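# Secondary and tertiary structure notes
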Number of protein chains: 2
Amino acid sequence: MRHGLVTPEQLALITDLYELTMAAGYFSQGTADRTATFDLSIRSLPPQRGYLVAAGLEQALAYLRDLRFTAEVLQQLEGTGHFRTDFLDYLASFRFSGSVDAIAEGTVVFPPTPLVTVTAPIIEAQLVETYLLTMITFQTMIATKAARVVGASSGRQVVDFSPRRDHGPQAGLLAARAAFIGGCIGTSNVLAGQRFEIPTYGTMAHSFIMFYPDEEEAFLAFADSYPGDPTLLIDTYDTLDGARVAVRVARELEKVGRKLAAVRLDSGDLVTLSREVRAILDEAGLQATKIFASGGLDEFKIHDMLLAGAEVDGFGVGTELGTSGDAPSLDSTYKLVACVDGSGDEIPVIKLSTGKITLPGRKQVWRQRNGGSFMRDIIGMADEQLEGEPLIEPVMRDGVPLHQAPALLDVQRRAAEQLAATPESTRALEKPAPYEVEISAQLHQLVESLRRR
Amino acid sequence: MRHGLVTPEQLALITDLYELTMAAGYFSQGTADRTATFDLSIRSLPPQRGYLVAAGLEQALAYLRDLRFTAEVLQQLEGTGHFRTDFLDYLASFRFSGSVDAIAEGTVVFPPTPLVTVTAPIIEAQLVETYLLTMITFQTMIATKAARVVGASSGRQVVDFSPRRDHGPQAGLLAARAAFIGGCIGTSNVLAGQRFEIPTYGTMAHSFIMFYPDEEEAFLAFADSYPGDPTLLIDTYDTLDGARVAVRVARELEKVGRKLAAVRLDSGDLVTLSREVRAILDEAGLQATKIFASGGLDEFKIHDMLLAGAEVDGFGVGTELGTSGDAPSLDSTYKLVACVDGSGDEIPVIKLSTGKITLPGRKQVWRQRNGGSFMRDIIGMADEQLEGEPLIEPVMRDGVPLHQAPALLDVQRRAAEQLAATPESTRALEKPAPYEVEISAQLHQLVESLRRR
């Protein structure tokens, strides 16, 4: 019986086979040491998205810092028969020695802006492609989805409830992190709470209620064992009856100086039920008891519920948040944009296959504002001096991270500030207005000259 | 800089917080030891799906077998302030001691059939909910998607190319396993190759071609370093030119007794290009050189391509396969269906919240055939004797797996046989015919009697 976990020793195996066969190619050709630059970018926005929230850089840099080929991994690679001994010997002493420039996590970005640029001997820069792509793509996708859900919730609290529906246990861990960056106040994921210091939330499942002879006994049992002020799930049998039972339990709690923090609705017509439950709670003087809603929610349903007058103070969002259900992938790429040729000169590179043109050379992105609000991004050459705030910063040199990773709370704060500065029309849930991304004259000229060649 | 990996020591933290708060509740109420039975099932089919391919059981059982709360984990839980010392002491000696009955991996299943049934002291059965759900749900979803893609490919080979777009590194590992069960011949995922003995495939990226002064030099460099017969990616600049260059490289290979195994197309109009490339190869006498296609494929595109006369021998399918792009989640549940009450009797349990009725009691599923073909499933009580093949089997007793996990190749074979026996109309890519799933008279009666109560 084999687990499906990935241990830190196996970082080096988390790759497409072709990264290794290409690396072997560079190695045997004696071209492995030539410096190359790759851009990781999202080619285009998925449907209904006007922006993306960059995320995943901390894990990407940790990977580059720690990537080694252990004796065990080398043995496994030898066993495949794909590789020669001298190449495996090279891998034994491998460490990533290159430079990384990137846009900070929590930054609102617009395709086709590069998010991460890797400059290293080509054998190194190539080997790290798969891991960087999966890490940055997934977290950026989820941070973006979370920002949409949180935006639709208009200031109400949103908690990540996705672990059971995420694409396996690690997807759950990463989703919780990215969702927090996108504005969720916490997660139900205990491991994410421990690893990333994200506040954890949780109450009870229907099974807990059903295990006891009746709802009241179940609520009292839970309240008795739970150290804080409890939240009670009231929809197992009949939601309005459940609300009345919760009121009785609140009375019991009051006797010992405790409070009913909230009730949770997980099924049915959440608009009507939340209003009726609110009335029951208010009539009982429980104005301070909050109503929490969950059950198949996403940004569209939350938006509609609030428009229809739902009386909900917070949302638990699972499946759709943790899988980015309406757009479960991003069109991310990791493309060679410059390399040193045989004579030692760095030359910009372009790919021209049908419909998939890349932007050549080392680049920078400048963001221009109109007052406080983002107005336009300009993608230009790294050595240009254009107006606006440059977004791409040095984050790793000689394989060593230049800074500590920022606290996740600071990344969340950055995302909130960035979202507030993003035009409202670009943040629309449906048919968002396109944001202007220009290519500088110099970059445009380079594309044209390479294309003619 | 923190990694986003999940180590085996952290299995116990991969859970929703509420599993632990409920467990603490059972513990402090003295009800923790009462036996309970939970069903893990998929409530309904996602759009366009007529069936599901069960997968993920091996990892679920490995988890149940190995789940422990280490001193480090207990310290972390203590730090949350959610739990009392006596409960943490209980967790220190925790091991799963229950029984599991399940449908074998690779079986074609139809909702709302239970896939996994857990019977254990309720505190244990409850604690394992989140992990079992994420593991079974994700792998079942991907095995199903793979079966659709492989079905659409009409006997051609399909390889999982999804690692870069999967929901993080572990999702990639699990996706490769599930895709193999669903009929893929292999994966580009090196770790999956090592862990699950899945054949790995890989060639080169566009960056490799672009790194060299011209395509021919790149192809020769790759062929020189690659020990086997190479596959060449021919669409970096112009696909038809690329095919002609590949022919020249094939001539060089022939001189030293080697062959050009295949060419790969990754962009453009794959129908037209594949036919034109086929003609170029055939005219050069390279009838044995295969054409491999990739680039944003899914079952619908493959079906249409083949219908339009594409000359393709194999497909690399990434994003849509590894994320189940058109249906990136399954409506899975883990529901209490029976428990021992205060007097020691086992009683069936039902949940009645709006629109979400569960099937109570311990159950079995019988599959009836018409000739070789699946005709009908009947869900009944475990102690009934109905006609057909019972699908739910004992797989764990007293926390110990009853069997070795089957070889993955045998699971793949089982899935292929099961798919062949599934009515063609139910396997349709679009608007599949519903398969008949009946509830036995006895189970129906139980539902009604519990509902009246």
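Residues numbered from 1 in each chain as written. Chains lettered and ligands numbered in written order. Predicted model: local features only at pLDDT ≥ 70, side-chain atom pairs only at ≥ 80, totals over all residues.

Here we take up the overall build of chain A. Counting secondary structure elements, chain A contains 16 helices and 19 strands. If one aligns the C-alpha atoms of chain A with their principal axes, the spans along those axes are about 85 × 55 × 35 Å. Contacts in chain A between residues at least 24 apart in sequence constitute 71% of all its contacts with a sequence separation of at least 6. (Helix = DSSP H or I, 4+ residues; strand = E, 2+ residues; numbered from the N terminus. Contact = placed C-beta atoms within 7 Å.)

Let us now look at the pairing of strand β1 (residues 35-42) of chain A. Residues and elements named next belong to chain A. Burial runs high along β1: 7 of the 8 residues are buried. Bridge count for β1 against strand β5 (residues 114-121) is 7 bridges, and the pairing is antiparallel. Each residue of the ladder has a partner; that of D39, found in β5, is T117. Relative to strand β12 (residues 332-340), β1 is paired through 7 bridges, and the arrangement is antiparallel. The residue bridging F38 from the neighbouring strand is L336, located in β12. (Buried ≥ 20, exposed ≤ 12 C-beta atoms within 10 Å, placed from the backbone. Pairing = 2+ DSSP bridges.)

Buried accessible area, meaning the area lost when the parts come together, often serves as the stated size of an interface. Residues and elements named next belong to chain A. Structurally, chain A comprises domain 1 (8-142 + 331-355 + 392-426) and domain 2 (145-323). One C-alpha centre belongs to domain 1, the other to domain 2, and the line joining them spans 38 Å. Counting residues per element, the ones that place at least two in the side of domain 1 that touches domain 2 are α6 (129-152) and α15 (408-421). Residue contributions to the side of domain 1 that touches domain 2 peak at 6 residues, all from α15. Looking at the side of domain 1 that touches domain 2 residue by residue, the class counts come to 10 nonpolar, 3 polar and 1 charged. (Domains from an automatic or database assignment. Nonpolar A, V, L, I, M, F, W, Y, C, P; charged D, E, K, R; others polar.)

Our next topic: the environment of B:A428. Residues and elements named next belong to chain B. Assignment of secondary structure puts A428 in the loop between α15 (408-421) and β19 (436-439). Considering only alpha carbons, one finds A428 and I280, 148 residues apart in sequence, at a separation of 35 Å. Those residues within four positions of A428 in sequence are excluded, and the remaining contacts are G50 and A433.

For the pair chain A and chain B, the best superposition has an RMSD of 0.0 Å and corresponds to a rotation of 180 degrees with a translation of 0.0 Å parallel to the axis. The relationship between the two copies is best expressed as a two-fold rotation axis. In this assembly, 100% of the residues forming the interface of chain A have copies in chain B that are likewise at the interface, indicating an isologous arrangement. (Least-squares fit on C-alpha atoms with pLDDT ≥ 70 in both.)

All names here are of chain B. Strand order in the open sheet made by the 7 strands is β13-β12-β1-β5-β3-β17-β18, with antiparallel pairing throughout. Edge strands, defined here as strands with exactly one partner in the open sheet, are β13 (346-348) and β18 (400-401). As paired strands, strand β3 (residues 99-103) and strand β5 (residues 114-121) are joined by 4 bridges and run antiparallel to one another. Note that in β5 the partner of D101 across the bridge is T117. Against the sheet, helix α6 (residues 129-152) touches β1 (35-42), β5 and β12 (332-340), its axis set at about 135 degrees to β12. (Axes fitted to C-alpha atoms, helices over the stretch in contact; angles between N-to-C directions.)

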